[in-house]
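Next come the chains, spelled out residue by residue.
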Amino acid sequence: MPITETTGAIERPRFVSGSLLRHVCVMAGTGAVGLIAVFAVDLINLFYISLLGEKETAAAVGFAGVVGFFHTSLCIGLTIGIAAVVSRTVGAGRAVQARRIATSSLVLMAALSVVVGSGTAFFLHPALHALGAEGETARLAQRYLAVTVHTLPLLGIGMACSALLRSIGDARRSMTVTLAAAFVTAVLDPILIFGFGLGLDGAAISAVVSRMVLAAIGLHGVMVKHRMLGRFEASQLASDARGLAGVAGPAMLTNLATPVGAAFVTHAIAQFGPSAVAGAATIDRLSPVAFGLVYALSGAVGPILAQNLGAGQYRRVQEGLRDSLMFMVASVAVAWLVLALSQGVLIRAFSAEGQAAELIALFCTWLAASFFFSGGLFVANASFNNLGHPLLSTFFNWGRATLGTIPFAWWGSHHGAAGVLIGQAVGSSIFGLLAVVVAFRLAAKLARQEPSMKAPAPVLDAPVAPTSAHGDAAALATPQPVAVTGPAASAAAP
């Protein structure tokens, strides 16, 4: 248990002591399994669809994936805010307040995802047309999305629950939430697509069932296993929303930058035909699975940095950033090697031919190296979001998606579909390197404040979790939540 009650006292939050590299490895490792499971759902869908041997259908999945990427990015942005605010509140010993914020966060996630998910259904045709989808490809993509967009609340709630579990250090259960959803997809896809002959419709149904499982297991872990949810207080919802929005608002804007860049790249590649789109779609789904450890760092590093910030241990914040970057470099090196050695197998597995095969080979051999810089951006964004400077995440992500993507991809498009991907990799690498430099400068500045006990609090772009009027503290993971006051509460303070 991340926080337990023992003889009237409460132990310190998990991440404020012990080896930071070990915390990063455990959180990123377990988080990667869960995150890979989420992205594996799309990869599994594409794999089985590719076995149908229809390039238009595979391309339709690619276009639908870009629309789905916008949805997922919004949800991820809110989960970043949830993990950051709840972790800081736990690190400061305000567990009663953390429970209330956890409840408010689920309510806000449900409301946002209903509006965004179902609202998208009215704009599917113009959205797909803007991406470059035409004819049968556009019709198939719209049919797939017409089923899946309405289940965005299930995906959002499941992801929010996973973030809440990470915020108290239960990485294993957070991993289980998403892993179970991927398992359901892996089992249902071949049954529905081939067994019942439903094709793309079967893939859509499988995605819906997978999201139902994701939400159900996530809620069970949060509500039953850890009793993390407090009583919903409507009067506090606006206040909690402002606290979450301080991080989640910029984080959502930050995350939206990535699908915006992806949309431009998809549009640029669409002019080269369905085979090129199918190849790019395979790369888009292969990347987060191959580099799952790197993608997981965004969620894994956040609670570690946030708890130490809440406890006032600024030097550990700097060390955590350094260890996270070391972990990222090792992870990318291993993943790149595996991709380079297995590219032939991957091309055959996805029945790729022509331009699709060429793009996959290019990515596995050369472009995968750009993740050294993309990974640096992920780590930097995690530090910005959790150290009170989320606007920097917004700046760097939008810089990469616009200045780092559009002119480079446009230039590359004059040299074919491969040129588009090369240009995108070069531009994103520049912004990734700049983000890492800024993140380390901020962490070093923060660390210099620790020696002085009277050092002023760090200047933040966004508010830290709102404070309660009293010093109640309780264990988030105890079977029966009990408020602790007096000497016990004092002992619990960091």
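Quick notes on the rules
Residues numbered from 1 in each chain as written. Predicted model: local features only at pLDDT ≥ 70, side-chain atom pairs only at ≥ 80, totals over all residues. Heavy atoms only, no water. Helix = DSSP H or I, 4+ residues; strand = E, 2+ residues; numbered from the N terminus. Contact = heavy atoms within 4.5 Å. Areas by Shrake-Rupley, 256 points an atom, 1.4 Å probe, with all protein chains shown as cover. Axes fitted to C-alpha atoms, helices over the stretch in contact; angles between N-to-C directions. Parallel < 35°, antiparallel > 145°, perpendicular 65-115°, else oblique. Left-handed = near helix turned anticlockwise from the far one by under 90°. Nonpolar A, V, L, I, M, F, W, Y, C, P; charged D, E, K, R; others polar. Patch = residues over 30% accessible without salt bridge, like charges linked within 9 Å, V, L, I, M, F, W, Y side chains within 5 Å. Salt bridge = Lys/Arg side-chain N within 4 Å of Asp/Glu carboxyl O. Buried < 20%, exposed > 50% of the residue type's maximum accessible area, 1.4 Å probe, protein only. Core = buried A, V, L, I, M, F, W, Y, C linked by side-chain atoms within 4.5 Å. Phe/Tyr/Trp six-rings, centres within 6.5 Å; stacked < 30°, edge-to-face > 60°. Polar contact = N/O pair within 3.5 Å; in protein donor to acceptor, adjacent residues only side chain to side chain. pLDDT = per-residue confidence, 0-100.

## Structural notes on the overall build of the protein
Phase 1 of the analysis: Tallying secondary structure elements over the protein gives 18 helices and two strands in all.
Phase 2 of the analysis: A separation threshold of at least 6 residues defines the contact pool for the protein, and within that pool the share at least 24 residues apart is 84%.
Phase 3 of the analysis: Summing over all exposed atoms, the protein offers an accessible surface of approximately 19100 Å²; the carbon and sulfur share of this is 68%.

## Some points on the packing of helix α2 (residues 55-91) against helix α11 (residues 292-310)
Phase 1 of the analysis: At a closest axis distance of 7 Å, the pairing of α2 and α11 adopts a crossing angle of 40°. Considering their axes alone, α2 and α11 lie oblique with respect to each other. Viewed along their axes, α2 and α11 form a crossing whose handedness is right-handed. Within the contact between the two elements, α2 uses Ala84, Ser87, Arg88, Val90 and Gly91 and α11 uses Pro303, Ala306, Gln307, Leu309 and Gly310.
Phase 2 of the analysis: Class assignment for the residues of the contact of α2 with α11 results in five nonpolar, four polar and one charged.

## Points about a nonpolar patch on the surface
Phase 1 of the analysis: Together, Phe183, Val187, Ile191, Phe196, Leu198 and Ile205 line one region of the surface with nonpolar side chains, adding up to about 570 Å² of accessible area.
Phase 2 of the analysis: Per-element accounting of the nonpolar patch gives the leading share, three residues, to helix α7 (residues 171-195).
Phase 3 of the analysis: Of note, Val187 is situated in helix α7.
Phase 4 of the analysis: Judged by relative accessible area, Val187 falls into the partly exposed class, the value being 37%.

## Overview of the pattern of salt bridges
Where charged atoms from two side chains of opposite charge come close, those side chains can pair.
Phase 1 of the analysis: A full pass over the atoms with the stated rule returns five salt bridges.
Phase 2 of the analysis: Here Arg173 and Asp170 are joined by a salt bridge, their closest N and O atoms 3.2 Å apart.
Phase 3 of the analysis: The class of Asp170 is buried, set by a relative accessible area of 11%.
Phase 4 of the analysis: Note that Arg322 and Asp323 form a salt bridge whose closest N and O atoms lie 3.1 Å from each other.
Phase 5 of the analysis: By relative accessible area, which is 41% here, Arg322 ends up partly exposed.
Phase 6 of the analysis: For Asp323, a relative accessible area of 7% puts it in the buried group.

## A closer look at the side chain of Thr103
Phase 1 of the analysis: Topologically, Thr103 is positioned in helix α3 (residues 95-120).
Phase 2 of the analysis: Aside from chain neighbours lying at most four places away, what touches Thr103 is Leu229, Gly230 and Phe232.

## Some remarks on the nonpolar core
Nonpolar side chains in soluble globular proteins tend to be buried together.
Phase 1 of the analysis: Phe291 and Phe363 are the most contacted members of the largest nonpolar core, which totals 96 residues.
Phase 2 of the analysis: Among the elements that take part in this core, helix α12 (residues 314-349) stands out by supplying 11 residues, more than any other.
Phase 3 of the analysis: Beyond its immediate sequence surroundings of up to four residues, Phe363 is in contact with Ile283, Ser287, Phe291, Leu339, Ala368 and Phe371.

## Observations concerning the packing of aromatic side chains
Phase 1 of the analysis: The final tally for this structure, using the stated rule, is nine aromatic pairs.
Phase 2 of the analysis: For the ring pair Phe47 and Tyr48, a centre distance of 5.2 Å and an interplane angle of 65° mean the geometry is edge-to-face.
Phase 3 of the analysis: Here Phe47 falls in the partly exposed class, since its relative accessible area comes to 27%.
Phase 4 of the analysis: Among the residues examined, Tyr48 registers a relative accessible area of 17% and is labelled buried.
Phase 5 of the analysis: Geometrically, the ring pair formed by Phe47 and Phe350 is edge-to-face, given 5.8 Å between the ring centres and 85° between the ring planes. A residue pair is termed long-range when its members are at least 10 positions apart, and Phe47 in helix α1 (residues 20-50) and Phe350 in the loop between α12 and α13 (355-365) qualify at 303 residues.

## Brief notes about the side chain of Ser162
Phase 1 of the analysis: Summarising the element assignment, Ser162 is placed in helix α6 (residues 152-167).
Phase 2 of the analysis: Classification of Ser162 by relative accessible area gives buried; the value is 6%.
Phase 3 of the analysis: A distance of 2.6 Å separates the side chain of Ser162 from the side chain of Ser174, its partner in a polar contact.

## A closer look at the confidence of the model for the protein
Phase 1 of the analysis: With 87% of its residues at a pLDDT of 70 or more, the protein has an overall mean of 82.
Phase 2 of the analysis: Of the regions scoring below 50 in pLDDT, residues 1-11 engages in 31 contacts with residues more than four places distant in sequence or in other chains.
Phase 3 of the analysis: This model gives residues 453-494 a pLDDT under 50, and the stretch forms 93 contacts once residues within four places in sequence are excluded.

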